[in-house]
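So the chains spell out like this:
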Amino acid sequence: MDIESFNIDQKVTVQGKSSKGINRIKQHGNIWRVKQVVEGGYYPWVDEDSLMLESTKDGTTANWVTIKEDKHFSLV
């Protein structure tokens, strides 16, 4: 997957990899909405191409997910 594959408001399925990711999925579901698409280096705290994802279950919880290799989540 690359950054061009994602659009704002697109729904994506997320799977937990670490205990933090698995717990987040249990709390907020596995379907998330793309809120922001950011290329690496655009913000100082974003080193790699990343997505800001918002939970569709509650509409307020959000997480940054690195597209290539996130340690807590994988995009399905």
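Above: the structure in question.
Residues numbered from 1 in each chain as written. Predicted model: local features only at pLDDT ≥ 70, side-chain atom pairs only at ≥ 80, totals over all residues. Heavy atoms only, no water.

**Focus on the pairing of strand 1 (residues 11-16)**
So, step 1. Note: strand 1 against strand 2 (residues 31-38), three bridges, orientation antiparallel. Residue threonine 13 lies in a different strand from strand 2, and its bridge partner there is isoleucine 31.
So, step 2. Relative to strand 5 (residues 73-75), strand 1 runs antiparallel, the two sharing three bridges. Following the sheet pairing, valine 14 is matched in strand 5 by leucine 75. (Pairing = 2+ DSSP bridges. Helix = DSSP H or I, 4+ residues; strand = E, 2+ residues; numbered from the N terminus.)

**Quick look at the sheet that holds strand 4 (residues 62-66)**
So, step 1. Read across the open sheet, the five strands follow the order 4-3-2-1-5; overall the sheet is antiparallel. Looking at strand neighbours, the two that pair on one side only are strand 4 and strand 5, the edges of this open sheet. Between one strand axis and the next, the sheet turns through 45° on average, direction left out of account.
So, step 2. Of the pairings in the sheet, the one linking strand 3 (residues 50-55) to strand 4 comprises five bridges and is antiparallel in character. In the sheet register, glutamate 54 faces strand 4, and the bridge partner there is alanine 62. (Axes fitted to C-alpha atoms, helices over the stretch in contact; angles between N-to-C directions.)

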